[in-house]
Amino acid sequence: MFDEVATGFGRTGNRFVADLVLPDIIVLGKALTGGYIGHAATVANKKVFHAFYDDDPTHALMHGPTFMGNPLACAVSLRAIEIFEEEKFMDKIKRIEEIEREEMEGFTHKKIEDVRVMGGCVCIEVKDGKDIEGFQEFAYERGVFARPFIKYIYSMVPYVINEEELRKVMRTMKEWFENK
């Protein structure tokens, strides 16, 4: 089962991680509507589908997303997928990843455990979570929205970001470590 709520629609550099390994069940959300309205989808292969297909409702797979079947959310999802294809967002994501890799190449610091870049995602993992306390405010002061988590400074930038804005995000992440 793959949860592609945050990773789907190119976030990892592949349209879906499921493009690499076919799961029995995949869950989609967030980018499904381009962020305009809450919507989710749970998709299963035929084997799983038939295991729950029955006239008896007690045999049903009750996944019940909040906006299940909402006509507006479904229409927005279809249009978001069309735009994703028409505007060649996978090409834009490849360019985002190129810039991220260029900015992060060779970036190290004694307090950093690892730096990872994958598609539209960048993650700086520190050895001790205390080393990123205050980063959120630091980034805000520089015009960058950030939400560090445990011991990770990460970015999942919007695909419509321009190069200057993207470099600003990457440089703000690196700048945090300059005086540490």
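As a reminder, the structure under discussion sits directly above these lines.
All of these numbers come straight from a predicted model, not from anything done at the bench. (Residues numbered from 1 in each chain as written. Predicted model: local features only at pLDDT ≥ 70, side-chain atom pairs only at ≥ 80, totals over all residues. Heavy atoms only, no water.)

A. The arrangement of the overall build of the chain in detail. Along its length, the chain carries 5 helices and 6 strands. Going residue by residue from the N terminus, the α and β elements of the chain occur as β-β-β-α-α-α-β-β-α-β-α. The principal-axis extents of the C-alpha atoms in the chain amount to approximately 65 × 35 × 30 Å. When each of the 180 residues of the chain is scored for burial, the buried share is 36%. Considering only residue pairs separated by 6 or more positions, the chain has 54% of its internal contacts joining residues 24 or more positions apart. Surface summary for the chain: the accessible area is close to 11,300 Å², and the carbon and sulfur share equals 56%. (Helix = DSSP H or I, 4+ residues; strand = E, 2+ residues; numbered from the N terminus. Buried < 20%, exposed > 50% of the residue type's maximum accessible area, 1.4 Å probe, protein only. Contact = heavy atoms within 4.5 Å. Areas by Shrake-Rupley, 256 points an atom, 1.4 Å probe, with all protein chains shown as cover.)

B. Structural detail: the packing of aromatic side chains. One pass over the full model with this rule turns up 10 aromatic pairs. Between Phe-89 and Tyr-159, the ring centres sit 6.1 Å apart and the planes meet at 45°, which makes this aromatic pair tilted. Of this pair, Phe-89 sits in helix 3 (residues 89-104) while Tyr-159 sits in the loop between strand 6 (152-156) and helix 5 (163-175), and the two are 70 residues apart along the sequence. Look at Tyr-159 and you get buried, because its relative accessible area is 14%. These aromatic residues form a ring-pair network of at least three members: Phe-9, Phe-16, Phe-84, Phe-89 and Tyr-159. A cation over a ring is seen here: Lys-92 above Phe-89, with NZ or CZ 4.3 Å from the ring centre. Positioned over the ring face of Phe-138 is Arg-142, at 3.5 Å from the centre of the ring. (Phe/Tyr/Trp six-rings, centres within 6.5 Å; stacked < 30°, edge-to-face > 60°. Lys NZ or Arg CZ within 6 Å of the ring centre and 35° of its normal.)

C. Quick look at helix 2 (residues 71-86). Spanning 16 residues, helix 2 covers 22 Å between terminal C-alpha atoms, matching the ideal 22 Å at 1.5 Å per step. The complete set of buried residues in helix 2 reads Ala-73, Ser-77, Ala-80 and Phe-84. All buried residues of helix 2 project into a common sector of 65° when viewed along the axis, lining one side. Along helix 2, exposed side chains directed more than 90 degrees from the buried face belong to Pro-71, Leu-72, Leu-78 and Glu-86. Against helix 3 lie the buried residues of helix 2. (Expected span 1.5 Å × (residues − 1). Arc of directions from axis to C-beta.)

D. Structural context of the nonpolar core. Counting residues in hydrophobic clusters, the biggest one holds 35 residues, and the most contacted among them are Met-104, Ile-124, Phe-135, Ile-153, Met-173 and Phe-177. Sorting the residues of this core by element identifies strand 2 (25-28), helix 3, strand 4 (112-118), strand 5 (121-126), helix 4 (135-141) and helix 5 as the ones contributing at least two each. In terms of residue count, helix 3 provides more of this core than any other element does, 6 residues in total. Setting aside its immediate chain neighbours within four residues, Met-104 contacts Val-115, Val-117, Val-122, Ile-124, Met-170, Met-173 and Lys-174. (Core = buried A, V, L, I, M, F, W, Y, C linked by side-chain atoms within 4.5 Å.)

E. Structural detail: helix 3. For helix 3, spanning 16 residues, the distance from its first C-alpha to its last is 22 Å, which sits close to the expected 22 Å at 1.5 Å a residue. If you check which residues of helix 3 are buried, you get Phe-89, Met-90, Ile-93, Ile-96, Glu-97, Ile-99, Glu-100, Glu-103 and Met-104. Looking at the buried positions of helix 3, the neighbouring elements they touch are helix 2, strand 4, strand 5, strand 6 and helix 5. Gly-106 sits one or two residues past helix 3 and shows a positive phi near 75°.

F. View of the pattern of salt bridges. Scanning the model with the defined rule gives 18 salt bridges in all. Measuring nitrogen to oxygen at the nearest pair gives 3.0 Å for the salt bridge that ties Glu-102 to Arg-167. In this pair, Glu-102 is assigned in helix 3 and Arg-167 in helix 5, connecting sequence segments 65 residues apart. Accessibility expressed as a relative area gives 47% for Glu-102, which makes it partly exposed. Between Glu-125 and Arg-116 there is a salt bridge, and its shortest N-O distance comes to 2.9 Å. A single network of salt bridges, built from pairs that share partners, joins Arg-95, Glu-98, Glu-102, Glu-103, Glu-163, Arg-167, Arg-171 and Lys-174. (Salt bridge = Lys/Arg side-chain N within 4 Å of Asp/Glu carboxyl O.)

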